[in-house]
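If you want the building blocks of each chain, they are given just below.
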Amino acid sequence: MLEVNNIEVVYHPYILVLKGISIEVPEKSIVAVLGPNGAGKTTLLKAVSGLVKLDRGRVTKGYISYMGERIENRDPEDVSRRGIIYVVEGRRIFRELTVEENIEAVAYAWRSRRPDPELVYKYFPRLRAKRGTRAGYLSGGEQQMLAIGLALLARPRLLLLDEPSLGLAPKVVSEVYESVKRMHEEEGVTILLAEQNARKALEIADYGYIIENGRIVLEGPAERLREDKDVKEFYLGVK
Ligand code: ATP
């Protein structure tokens, strides 16, 4: 479905951040991109979604192909129209609006796709009781749930999730991940996930890539990465 082939990404004026990255995301899979802070995970998702442009960045080498078409360096609107929806790090929601108003506003924006507002509550049932609450007053976990739920309204074929576990308590992370897995299974959404939380990501992913300093240093099926000695030591905190 998605092929990223040996891309380099440079930010203005000349900061080389991705130094030849290749990944593949088969249809109906969950693929995780793991690695420490600053490794280039967000830049990779931004390169796929076209958002790297808004940060004065560019794919300067290699290509990105989605459903057989080249999409590197396209405008973000062009990419999202194709069904690639990016849930950015840090929960972009309308903080002044209630949960319900957030859903209405985003459903309106995607009205041409006939969004189903109920989908948000179907996968994140705890938001139903909070429908009248201003989004800015929700807990961090609920804000993350709302951000992912709003992305569903665009009827994504490929969902890009950036650090959904960021700043959340372990129990809440599990809740978010369970919903993501259920969404993947029941809606057939393909997922590309960037995470520092390797343990959680490898629980739901089929395949994983580890990025360090703009390069892939290790890749493999999730079950193999979970058993890998270096992954265990450096990313799962197991000696
Ligand atoms: P994090 O988890 O902190 O988001 P990450 O792995 O997603 O880390 P990126 O955000 O992709 O990493 O950042 C990779 C590198 O690119 C960092 O060194 C960062 O400082 C640099 N970088 C990111 N955005 C820009 C920009 N707009 N201009 C210049 N450098 C940038």
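Just above sits the structure.
Residues numbered from 1 in each chain as written. Predicted model: local features only at pLDDT ≥ 70, side-chain atom pairs only at ≥ 80, totals over all residues. Heavy atoms only, no water.

**Notes on the overall build of the protein**
Within the protein one finds nine helices and 10 strands. The C-alpha radius of gyration computed for the protein amounts to 17 Å, which stays within 12% of the reference 18 Å derived for 239 residues, consistent with globular compactness. Per-residue burial over the protein gives 52% buried out of 239 residues. A fraction of 68% describes how many contacts in the protein between residues 6 or more apart in sequence connect residues 24 or more apart. Accessible area of the protein: about 11,400 Å², with a carbon and sulfur share of 48%. (Helix = DSSP H or I, 4+ residues; strand = E, 2+ residues; numbered from the N terminus. Rg over C-alpha atoms; globule rule 2.2 N^0.38 Å. Buried < 20%, exposed > 50% of the residue type's maximum accessible area, 1.4 Å probe, protein only. Contact = heavy atoms within 4.5 Å. Areas by Shrake-Rupley, 256 points an atom, 1.4 Å probe, with all protein chains shown as cover.)

**A short note on the site of the ligand**
Lining the immediate surroundings of the ligand are 15 residues, of which N37, G38, G40, T42 and T43 lie closest. In the environment of the ligand, an oxygen atom lies 2.5 Å from a nitrogen or oxygen atom belonging to the side chain of T43. Surface burial for the ligand is 66%, taken as the share of its 630 Å² of free accessible area covered by protein chains. Looking at the shell around the ligand, the elements with two or more residues in it are β2 (15-25) and α1 (41-49). Per-class residue counts for the shell around the ligand are five nonpolar, six polar and four charged. (Near = heavy atom within 4 Å. Polar contact = N/O pair within 3.5 Å; in protein donor to acceptor, adjacent residues only side chain to side chain. Nonpolar A, V, L, I, M, F, W, Y, C, P; charged D, E, K, R; others polar.)

**Concerning the pattern of salt bridges**
For the structure shown, the criterion picks out 20 salt bridges. Note that E69 is salt-bridged to R82, the shortest N-O span being 3.2 Å. With a gap of 13 residues between them, E69 in strand β5 (residues 69-70) and R82 in the loop between α2 (76-81) and β6 (84-87) connect regions that are remote in the sequence. Measuring nitrogen to oxygen at the nearest pair gives 3.1 Å for the salt bridge that ties R128 to E118. Placement of the pair is R128 in the loop between α4 (118-123) and α5 (140-152) and E118 in helix α4, with a sequence separation of 10 residues. (Salt bridge = Lys/Arg side-chain N within 4 Å of Asp/Glu carboxyl O.)

**A word on the pairing of β2**
Where strand β1 (residues 2-11) meets β2, eight bridges bridge the pair, whose relative direction is antiparallel. Paired with L2 across the strands is V25, a residue of β2. Following β1, the chain reverses through three residues before pairing antiparallel with β2. (Pairing = 2+ DSSP bridges.)

**Overview of the packing of aromatic side chains**
Applying the stated criterion across every chain yields a total of one aromatic pair. Here R111 stacks its cationic end above the ring of Y108, 4.1 Å away from the centre of that ring. (Phe/Tyr/Trp six-rings, centres within 6.5 Å; stacked < 30°, edge-to-face > 60°. Lys NZ or Arg CZ within 6 Å of the ring centre and 35° of its normal.)

**What to know about the layout of surface pockets**
Approximately 690 Å³ is the volume attributed to the largest pocket. Lining the largest pocket are 23 residues; nearest its centre among them are I85, Y86, V88, R92 and W110. Tallied by class, the residues present in the lining of the largest pocket amount to 18 nonpolar, three polar and two charged. (1 Å grid on protein atoms, 1.4 Å probe; cavity = no way out; pocket = protein on both sides within 12 Å on 5 of 7 lines; lining within 4 Å. Points joined across faces, edges and corners; volume = space filled by probe spheres on them.)

**Considerations on the nonpolar core**
Counting 50 residues, the largest nonpolar core has L127, L146 and L159 as the members making the most contacts within it. Considering every element that reaches this core, the biggest residue donor is α5, with seven residues. Per-domain counts for this core show at least three residues from each of domain 1 (2-83 + 157-170 + 186-228) and domain 2 (92-155). Residues within four places of L127 in sequence aside, it is in contact with V99, V120, Y121, L138, E142, M145 and L146. (Core = buried A, V, L, I, M, F, W, Y, C linked by side-chain atoms within 4.5 Å. Domains from an automatic or database assignment.)

**As for helix α6 (residues 170-187)**
With 18 residues, α6 should reach 26 Å at 1.5 Å per residue; the first-to-last C-alpha distance of 25 Å fits that figure. If you check which residues of α6 are buried, you get V172, V173, V176, Y177, S179, V180, M183 and H184. The arc that holds every buried residue of α6, seen down its axis, measures 160°, which confines them to one face. Exposed side of α6, more than 90 degrees from the buried face: P170, K171, E178 and E185 are the residues found there. (Expected span 1.5 Å × (residues − 1). Arc of directions from axis to C-beta.)

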